[in-house]
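Take a look at the letters that make up each chain.
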Amino acid sequence: MKNKSGRVNSMKLKKAIAASLAISLLFAFTGCGNSSDSATTENTKQETVSATNTGDTSAPDEKLDDLYQQENQIFADHKNVWDKVFGFMSKNPDDAASNENYADFLANTIESNKASFSEEEFDTLNKDIETIRGIEEEIARLEKEIAASDSSGSTFSGSADSTGVFHDFKGKDLDGNDVDDSLFAQNKVTVVNFWFSGCKPCVEELSKLNELNDKLKEMGGEVVGINTDTLDDNQDGIKEAKEILKAKGASYKNLTFDSDSTVGKYAGDIMAFPTTVLVDKDGNIVGDPFMGGIDDPSNYEQLMKQIQSVLDQK
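This one's a predicted model, so the numbers in the text were calculated from it and none came from an experiment.

Undergrad: With reference to specific residues and values, describe the side chain of His78.
TA: Of note, His78 is situated in the loop between helix H3 (60-77) and helix H4 (79-90). Since its relative accessible area comes to 5%, His78 is described here as buried. A polar contact is formed between the side chain of His78 and the side chain of Asp128, at a distance of 2.8 Å.

Undergrad: Could you give an account of the pattern of salt bridges, naming the residues involved and the relevant values?
TA: Throughout the structure, instances matching the rule amount to twelve salt bridges. The shortest N-O distance in the salt bridge between Arg133 and Glu130 comes to 3.8 Å. Of this pair, Arg133 and Glu130 both sit in helix H6 (residues 119-152), three residues apart, roughly one helical turn. Note on Arg133: relative accessible area 22%, which makes it partly exposed.

Undergrad: Lay out helix H13 (residues 297-312) with the relevant residues and their values.
TA: Helical periodicity: at 3.6 residues per turn, an α-helix aligns residues three or four positions apart in one direction. For H13, which comprises 16 residues, the first-to-last C-alpha distance of 22 Å matches the rise-based estimate of 22 Å (1.5 Å per residue) to within 8%. On its buried side, H13 packs onto strand E3 (190-195), helix H10 (206-218), strand E6 (275-279) and strand E7 (285-291).

Undergrad: Which residues make up the pairing of E7, and what are the values?
TA: Here four bridges tie E6 to E7, and the two strands are oriented antiparallel to one another. Each bridged residue has a counterpart across the sheet, and for Thr276 the counterpart in E7 is Phe290. Counted along the chain from E6 to the antiparallel partner E7, the turn is five residues long, and its residue Gly283 has a positive phi close to 85°.

Undergrad: Could you give me a rundown of the sheet that holds strand E1 (residues 170-173), with the residues and numbers involved?
TA: To summarise the sheet geometry, strands pair through backbone hydrogen bonds and adopt either a parallel or an antiparallel arrangement. Ordered by their spatial adjacency, seven strands build an open sheet running E2-E1-E5-E4-E3-E6-E7, and the pairing between neighbours is mixed. Lying at the two open borders of the sheet, with one neighbouring strand each, are strand E2 (178-180) and E7. Shown here is a sheet whose adjacent strand axes are inclined to one another by a mean of 35°, direction ignored. On top of the sheet, helix H11 (residues 235-247) reaches E3, strand E4 (222-227) and strand E5 (254-256); it is set at about 115° to E3, its chief contact. Against the sheet, H13 engages E3, E6 and E7, with an angle of about 175° to E7.

Undergrad: Describe in detail the state of the cysteines, supporting the description with residues and values.
TA: By the definition in use, this model includes one disulfide. Bridging Cys199 to Cys202, the disulfide has an S-S length of 2.3 Å. Taking the torsion about the S-S bond as the criterion, the Cys199 to Cys202 disulfide, at about 75°, is right-handed. By the burial criterion, Cys199 is buried, and Cys202 matches it.

Undergrad: Hey, could you go over unusual backbone geometry for me, with residue numbers and the actual values?
TA: With a phi angle near 55°, Asp168 is a residue other than glycine that sits in the positive phi range. Within the secondary structure layout, Asp168 lies in the loop between helix H7 (160-163) and E1. Backbone geometry at Asp233 places phi at a positive 55°, although glycine is not the residue there. Within the fold, Asp233 resides in the loop between E4 and H11.

Undergrad: Describe in detail the side chain of Asn193, supporting the description with residues and values.
TA: In this structure, Asn193 sits in strand E3. Engagement of the side chain of Asn193 in a polar contact is seen with the side chain of Glu205, the distance being 3.0 Å.

Undergrad: So what's going on with the packing of aromatic side chains? Residues and values would help.
TA: Summed over all chains, the structure comprises seven aromatic pairs. On the basis of an interplanar angle of 55° and a centroid distance of 4.9 Å, the ring pair of Phe166 and Phe184 is categorised as tilted. Note that Phe166 is positioned in the loop between H7 and E1 and Phe184 in helix H8 (residues 182-185), a separation of 18 residues in sequence. Phe184 shares its class with Phe166; the two are buried.

Undergrad: Can you explain the confidence of the model for the protein chain? Please cite residues and give values.
TA: When pLDDT is low, close inspection of the predicted coordinates is not appropriate. Per-residue confidence for the protein chain gives a mean pLDDT of 77; residues scoring 70 or more make up 72%. Here helix H1 (residues 5-28) stands out as the element of the protein chain with the lowest mean pLDDT, 41, in contrast to E5, whose mean of 97 is the highest. Ignoring residues within four places in sequence, the model shows residues 1-57, a span with pLDDT below 50, making 98 contacts including any to other chains. The low-confidence segment residues 153-160, where pLDDT is below 50, has ten contacts with residues more than four positions distant or belonging to other chains.

Undergrad: Mind laying out a negative patch on the surface, listing which residues take part and the relevant values?
TA: On the surface, a cluster of negative charge is contributed by Asp232, Asp233, Asp258 and Asp260. Positionally, Asp232 belongs in the loop between E4 and H11.

Undergrad: Break down the environment of Val279 for me, with residues and values.
TA: On the secondary structure map, Val279 appears in strand E6. Distance in space between the C-alpha atoms of Val279 and Val189 is 5.9 Å, their sequence separation being 90 residues. Residues contacting Val279, with those up to four places away along its chain left out, are Phe166, Phe184, Val189, Thr190, Val192, Asn284 and Ile285.

Scoring rules and cut-offs
- Residues numbered from 1 in each chain as written.
- Predicted model: local features only at pLDDT ≥ 70, side-chain atom pairs only at ≥ 80, totals over all residues.
- Heavy atoms only, no water.
- Helix = DSSP H or I, 4+ residues; strand = E, 2+ residues; numbered from the N terminus.
- Buried < 20%, exposed > 50% of the residue type's maximum accessible area, 1.4 Å probe, protein only.
- Polar contact = N/O pair within 3.5 Å; in protein donor to acceptor, adjacent residues only side chain to side chain.
- Salt bridge = Lys/Arg side-chain N within 4 Å of Asp/Glu carboxyl O.
- Expected span 1.5 Å × (residues − 1).
- Contact = heavy atoms within 4.5 Å.
- Pairing = 2+ DSSP bridges.
- Axes fitted to C-alpha atoms, helices over the stretch in contact; angles between N-to-C directions.
- Disulfide = S-S within 2.5 Å.
- Phe/Tyr/Trp six-rings, centres within 6.5 Å; stacked < 30°, edge-to-face > 60°.
- pLDDT = per-residue confidence, 0-100.
- Patch = residues over 30% accessible without salt bridge, like charges linked within 9 Å, V, L, I, M, F, W, Y side chains within 5 Å.
- Areas by Shrake-Rupley, 256 points an atom, 1.4 Å probe, with all protein chains shown as cover.
- Lys, Arg positive; Asp, Glu negative; His and termini not counted.
- Charge placed at Lys NZ, Arg CZ, Asp CG, Glu CD.

Put into structure tokens, the structure is as follows:
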């Protein structure tokens, strides 16, 4: 079973570099300068495009890691001008949770602040955007490939190794209140959604999950979120997750617990995010995990059928 750590770390690396650029901006950016990067990186870009388009046979998740590293390198190559871009983003944090393609999101941010860039900087950014757009298209293709592979394969087969992961559960909600397996015992069905803060599809579905929680409450059920950045009572991860949940209007319960627990090890083996599972009153995972955002109508319909199937068995 493949571990998610490589893919998750690469996605976090993109976010971390963006954050570090924004932080450095607070100390270095004067707001009126027109400085530009003196070094050109055409060779790097050409190598990036070449690597993106090659038909190598490395594993999809390994290629995904490489693509994220290529994006990070673009930001690093033109750090000064990208400092400005990420600085404008930091003033509008809610925009980061939009439904835009990542390249479009960057392009719109740049266009909205065009007057702040010199002509040379603007040209540099636009060239970078086109390279990023190509990378993002390949990332989207690979993510679908990985999700399809996980869905059709035996990564999660509902075996004894996975069905009872919530037995004797112990953890806390993000406000520090103790939670145990009685959470599941009191519900006819519990929808557990695994996500992390740097996952755009995960963040985009939070509002829909909150709507589902309201609906399930009327049916004797509940939605519970597990942000893998918050495990082991990670306070920085908890703070960020709470801010994202608030921004998306999501008030349903989210949990943190030890990563070396049974459910922690299960979460660590998830590769395709977001992943949603149905848990019965005894803490058993029922059926196959559901992968993909429920903000997609067809995905939502499929999940509701699974939920209804569990309720009909009661």
